[in-house]
Amino acid sequence: MVSTPLRILLISGSTRDRSTNTAALRTISALAPEGVEAPLYDGLRDLPQFVPGEEPEPPVVQDLHKQLGAADAVLICSPEYAGMIPGSLKNLLEWTVGAADLHEKPVAYVNVAFEGRGDEAVATLRTVLGYVGAELVEAASGRITVLSQMVGADGLVADAETRERLSAALEALIAHVRPV
Ligand SMILES: Cc1cc2nc3c(=O)[nH]c(=O)nc-3n(C[C@H](O)[C@H](O)[C@H](O)COP(=O)(O)O)c2cc1C
């Protein structure tokens, strides 16, 4: 019997080309074990500003709903801008409210900032995830610092210990969604 692969959608809150948050998720995607697909969402920069009740919704928004609907879980990595999550990530999350895309969806986050940084991004992300009714997976969430110098020319985190910790976060989310 062929089992359906588990699908974990990876969402970076950074629109920056050499983003450490995106590098962390790209690395997690590359380390996904067999039987697990962990695609990196690449539509953040193209999402239009949220317009309540817009009909029909723009194709990029319809695609976001589709990708979230197909995901068994979501892993978010986001920088902090001016004391909270970036507006672009908040905008993405606002587009999910009407369709309840994240309602009861297992969601984890990784904060890649140094100790003492990024705490308000985490706090505000948790607030919004609570509002949209996501199931926060604490066991897979936390801080794994990724410095820009840890990211290689291939866009992946090269530091072995950090790669292990990123992989462990994914494994914890997988274990939550598909307990053995
Ligand atoms: C406009 C702007 C505002 C920022 N505000 C904060 C902040 O309030 N708190 C913080 O810890 N870092 C802040 N930072 C630092 C970023 O969170 C940090 O550079 C992060 O590594 C960016 O993530 P990225 O590498 O994925 O793009 C800010 C950066 C920018 C560009």
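Report on the accompanying structure. Note that the coordinates shown come from a computational prediction; the quantities given were computed from them, not determined experimentally.

1. Here we look at the overall build of the chain
If you tally the helices and strands in the chain, you get five helices and six strands. Each helix and strand of the chain, ordered N terminal to C terminal, gives the series β-α-β-α-β-α-β-α-β-β-α. In terms of overall size, the chain behaves like a compact globule, its C-alpha atoms giving a radius of gyration of 16 Å where 180 residues would be expected to give roughly 16 Å. Projected onto its principal axes, the C-alpha positions of the chain cover 50 × 45 × 30 Å. In the chain, buried positions account for 45% of the 180 residues.

2. Section: the side chain of Ser78
Relative to the helices and strands, Ser78 is located in the loop between strand S3 (73-77) and helix H3 (87-97). Setting aside residues no more than four positions away along its own chain, Ser78 makes contact with Gly13, Asn21, Ile85, Pro86, Leu89, Val110 and Ala121.

3. Here we look at the pairing of strand S4 (residues 106-111)
Across the six residues that make up S4, a large majority, six, are buried. Across four bridges, S3 lies against S4 in parallel orientation. Paired with Cys77 across the bridge in S4 is Val110. The parallel pair S3 and S4 is bridged by H3, and the resulting crossover is right-handed. Bridge count between S4 and strand S5 (residues 135-136): two bridges; the pairing is parallel. Of the residues in S5, the one forming a bridge with Pro106 is Glu135. The handedness of the S4 to S5 crossover, carried by helix H4 (residues 119-131), is right-handed. As defined by bridge partners, S4 adjoins strand S6 (residues 142-143) across two bridges and the pair is classed as parallel.

Calculation notes
Residues numbered from 1 in each chain as written. Predicted model: local features only at pLDDT ≥ 70, side-chain atom pairs only at ≥ 80, totals over all residues. Heavy atoms only, no water. Helix = DSSP H or I, 4+ residues; strand = E, 2+ residues; numbered from the N terminus. Rg over C-alpha atoms; globule rule 2.2 N^0.38 Å. Buried < 20%, exposed > 50% of the residue type's maximum accessible area, 1.4 Å probe, protein only. Contact = heavy atoms within 4.5 Å. Pairing = 2+ DSSP bridges. Right-handed = clockwise from strand over helix to strand, strands pointing away.

Shape descriptors only; they carry no functional weight alone.
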